[in-house]
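Structural characterization, general
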Amino acid sequence: MKRTDAAPPGPRRLALFGAVVLVLSVVMSASLATADAGTGPLGVTVVAAAGVRSDRVGALFHEGKPGEHYCTASVVHSPRHDLLLTAAHCLGDDDGELFFAPGYRDGQAPHGLWKVARRYLPEGWADGQDEDSDFAFAVLEPDGSGREVEDVVGGERFAAGVATGATAVTVTGYPDDRDAPVTCTDKPRPHSRTQQRVECPGFSAGTSGSPWVNGNGQVVGVLGGHEQGGVTDDVSYSVVLGAEAARLYRTAAESS
């Protein structure tokens, strides 16, 4: 389970992960750009560089805890430019106010702090926390200047019905013990008919809700699903986004 707000965190593998990130951070920016397009070095986790693509991903915070992010979310394109995608288990059992900080880094929210106005969870999750329904959308309030979040950072296209493993995907998320996002590109594989998996090291607690973005800028997965994203840091899961996800997207986008 890649979140820690519902229970105290378990043992960490942070010393090893920190060393890995330190070594891998020397990868040349050109290589990272290639990986983002889905054709570069696979299965390598590095600290994500600030930029247009990574700024569309951000950390989720509980009200009153501005320094404690607990899950990841990303901006997806919608008609009203106000829509967020994350895992259902990041939204489904908390009635308090939530906030999203796109591009959060080093304790700063360079693109502001955006309040969650409404949440949209699939019936399969709301009725029984079905792991095959572990995805959700949230509508964000405009900022103090009346701008919508997508107008500030842009948004990726949400795509249901894409075959698992059709292309490599880039996964970007916020471990809850770090104040910068990590990113990794690899080719997902089927775990079951309804679940897919990707092997990327260092995706620990806090990375639930991380988008899986293919080389066409389409979000084709969201970290969650089986075991709420996985019980190890090195293998992560996502629901295979299908008809239920497409229906929920339309509902959230049209009513936002």
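Okay, so let's go over this structure. Since this is a predicted model, take the numbers as computed values, not measurements.

Parameters and conventions
Residues numbered from 1 in each chain as written. Predicted model: local features only at pLDDT ≥ 70, side-chain atom pairs only at ≥ 80, totals over all residues. Heavy atoms only, no water. Helix = DSSP H or I, 4+ residues; strand = E, 2+ residues; numbered from the N terminus. Buried < 20%, exposed > 50% of the residue type's maximum accessible area, 1.4 Å probe, protein only. Polar contact = N/O pair within 3.5 Å; in protein donor to acceptor, adjacent residues only side chain to side chain. Contact = heavy atoms within 4.5 Å. Phe/Tyr/Trp six-rings, centres within 6.5 Å; stacked < 30°, edge-to-face > 60°. Salt bridge = Lys/Arg side-chain N within 4 Å of Asp/Glu carboxyl O.

**Considerations on the side chain of H69**
With respect to the helices and strands, H69 occurs in strand β3 (residues 69–76). Taking the relative accessible area as the measure of exposure, H69 reaches 5% and is therefore buried. Reaching out from H69, the side chain makes a polar contact with the backbone oxygen of R178 at a distance of 2.7 Å. Among the polar contacts made by the side chain of H69, one reaches the side chain of D179 at a distance of 3.3 Å. Excluding anything up to four places from it in sequence, H69 contacts A59, L60, F61, Y104, Y174, P175, D176, R178 and D179.

**So, the packing of aromatic side chains**
Across all of its chains, the model carries 5 aromatic pairs by this definition. Consider the rings of F158 and Y249, whose centres lie 5.3 Å apart with planes at 20°: the pair is stacked. Of the two residues, F158 sits in strand β8 (residues 157–158) while Y249 sits in helix α6 (residues 243–255), which places them 91 residues apart along the sequence. Site record: aromatic cluster; members linked through ring pairs are F61, Y104 and Y174.

**Quick word on the pattern of salt bridges**
Counted by the stated rule, this structure contains 5 salt bridges. With its nearest N and O atoms 2.7 Å apart, the salt bridge here joins R53 to E156. In this pair, R53 sits in the loop between β1 (44–47) and β2 (57–62) while E156 sits in the loop between α5 (149–153) and β8, placing the two residues 103 residues apart along the sequence. Here D143 and R147 are joined by a salt bridge, their closest N and O atoms 2.9 Å apart. Connected through shared salt-bridge partners, R53, R56 and E156 make up one network.

By themselves, these observations are geometric and do not establish any function.
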